[in-house]
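# Examination of the molecular architecture
Single-letter residue listing:
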Amino acid sequence: MAARRPLRADARRNHERIVAAAHEAFAAHGAGASLEEIARRAGVGSATLHRHFPSRWSLLDAVFHDRVEALCAKAHRYARESEPGTALFSWLRDFNTYAATSRGLVASLVHDGRDPGPVRQKDGCITMITAAAGELLRRAQQSGAARPGLRVEDLLALVSTISLATEHQADDEQARRLLDIAIDGVRAEHRER
């Protein structure tokens, strides 16, 4: 991939204003927030927004990149400091909490395969989440803590589905209960707790 040239000062300001406006809009209205409204809040035209972010996915990726990096750093810390099953299940709980507070972001990241650009980016959100979850799952399966045959896509889909199903709940209790049920299904027969 060719190196990107630095943005001119005015383009950099537009980029920053778009990301700030998108952050507010996604927090208020979820991942489906109007791109036109985001452009209006940022004080730019729709064409400028699309020049910086050719798809909704690329804008979501930019807005949530730092939070996803922190989530993945937790996965690496759990892998170093905990037993494999405990590391996986603790991180799934963190991911579930993150998904619940991201208002549709996780579902958009996990299910939007139509935009191949960000998926190929080494540091894109979905790539980071998939790599972190994949490593934890692999270790848990090798240790016998997670059932064989599960794929990382299965785990991401479970958390995404729980997030969507509980998105409009007043508290996170149902999301936690549903994840506990899902984790019981992920555990291998001898069930590391």
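You'll find the structure just up there.
Residues numbered from 1 in each chain as written. Predicted model: local features only at pLDDT ≥ 70, side-chain atom pairs only at ≥ 80, totals over all residues. Heavy atoms only, no water.

### Some details on the overall build of the protein
This is how the line gets drawn: Strands here are runs of E lasting at least two residues and helices are runs of H or I lasting at least four, both read from the DSSP assignment and numbered beginning at the N terminus. Accessibility here uses a 1.4 Å probe with only protein chains present; expressed as a share of the type maximum, an area under 20% marks a residue as buried, one over 50% as exposed, and anything in between as partly exposed.
Scanning the protein from terminus to terminus reveals 10 helices and zero strands. Along its sequence from the N terminus, the protein presents helices and strands in the succession α-α-α-α-α-α-α-α-α-α. Here the protein, with 193 residues, has 45% of them falling under the buried criterion.

### Re the state of the cysteines
What counts, and what does not: Any two cysteine sulfur atoms within 2.5 Å of one another count as a disulfide.
In total, this model carries zero disulfides according to the counting rule given. Its sulfur unpaired, C72 is 8.3 Å from the next cysteine sulfur, which belongs to C125. On the basis of relative accessible area, C72 is assigned to the buried category, the value being 5%. Taking the relative accessible area as the measure of exposure, C125 reaches 0% and is therefore buried.

### Things to note about the packing of aromatic side chains
Stated formally: The criterion for an aromatic pair is that two Phe, Tyr or Trp rings (for Trp, the six-membered ring) have centres within 6.5 Å, with stacked assigned to planes under 30 degrees apart, edge-to-face to planes over 60 apart and tilted to the rest. The rule is short: NZ of Lys or CZ of Arg within 6 Å of the ring centre and within 35 degrees of the ring normal puts a charge over the ring.
Inspection of every chain in the model, using the stated rule, returns two aromatic pairs. Ring geometry for W91 against F95: centres 5.1 Å apart, planes inclined by 10°, an arrangement best described as stacked. Placement of both W91 and F95 in helix α5 (residues 84-101) is noted, with a separation of four residues, approximately one turn of the helix. Assessed through its relative accessible area of 0%, F95 is described here as buried. Here the guanidinium or amino end of R187 rests over the ring plane of F89, the centre of that ring lying 4.5 Å away.

### Description of helix α8 (residues 125-143)
For clarity, the threshold we go by: By this rule, a helix spans an expected 1.5 Å times one less than how many residues it contains.
Here α8 contains 19 residues, and its C-alpha end-to-end distance of 27 Å stays within 8% of the 27 Å for a straight helix at 1.5 Å per residue. Within the sequence span of α8, burial applies to C125, I126, M128, I129, A132, A133, L136, L137 and A140. Positive backbone phi, at 85°, marks G144, one or two positions downstream of α8.

### As for the nonpolar core
For clarity, the threshold we go by: Side-chain atoms within 4.5 Å link the members of a nonpolar core, which is a set of buried Ala, Val, Leu, Ile, Met, Phe, Trp, Tyr and Cys residues. Should any heavy atoms of two residues lie within 4.5 Å, those residues are considered in contact.
Ranked by internal contacts, the top residues of the largest apolar core, which has 54 residues, are F26, I38, L59, L88, W91 and L92. Of all the secondary structure elements, the ones that give two or more residues to this core are α1 (9-29), α2 (35-42), α4 (56-81), α5, α8, α9 (152-165) and α10 (173-186). In this structure W91 touches L71, K74, A75, Y78, I129, A132, A133 and L136, once residues within four positions along its chain are discounted.

### Section: α10
Note the following rule: Note that the arc is computed from the directions linking the helix axis to the C-beta atoms.
With 14 residues, α10 extends 20 Å from end C-alpha to end C-alpha; this agrees with the ideal 20 Å at 1.5 Å per step. Of all the positions in α10, only A175, L179, A182, I183 and V186 are classed as buried. In an axial view of α10, the angular spread of the buried residues amounts to 105°, which keeps them on one side of the axis.

### A few points about the side chain of S163
Here S163 is to be found in helix α9. Setting aside its immediate chain neighbours within four residues, S163 contacts A99 and A100.

### Focus: the pattern of salt bridges
Put simply, the test is: Put simply, a salt bridge is a Lys or Arg side-chain nitrogen that is within 4 Å of an Asp or Glu carboxyl oxygen.
With the rule as written, the count across this model stands at 10 salt bridges. Across the pair R41 and E24 runs a salt bridge, and its minimum N-O distance is 3.8 Å. One end of the pair, R41, is in helix α2; the other, E24, is in helix α1, and 17 residues separate them in sequence. Looking at E24, the relative accessible area reads 49%, which means it is partly exposed. In this structure, R138 engages E135 in a salt bridge whose closest nitrogen and oxygen atoms are separated by 2.4 Å. Taken as a pair, R138 and E135 lie in helix α8 at a separation of three residues, close to a single helical turn.

### Quick look at the packing of α1 against α4
The test is simple: Axis definition: a line fit to C-alpha positions, over the contact stretch in the case of helices; interaxial angles, taken between N-to-C directions, run 0 to 180 degrees. Comment on the angle field: the value is read as roughly parallel under 35 degrees, roughly antiparallel over 145, roughly perpendicular from 65 to 115, and oblique elsewhere. For this scheme, ten residues count as nonpolar: Ala, Val, Leu, Ile, Met, Phe, Trp, Tyr, Cys and Pro. Four count as charged, namely Asp, Glu, Lys and Arg, and the remainder, Gly too, count as polar.
Two numbers describe how α1 lies on α4: the axes approach to 9 Å, and their chain directions differ by 90°. By the angle class used here, α1 and α4 are roughly perpendicular. Residue-level contacts link I18, V19, A22, H23 and F26 of α1 to R56, L59, L60, A62, V63 and F64 of α4. For the contact of α1 with α4, the class distribution of residues is nine nonpolar, one polar and one charged.

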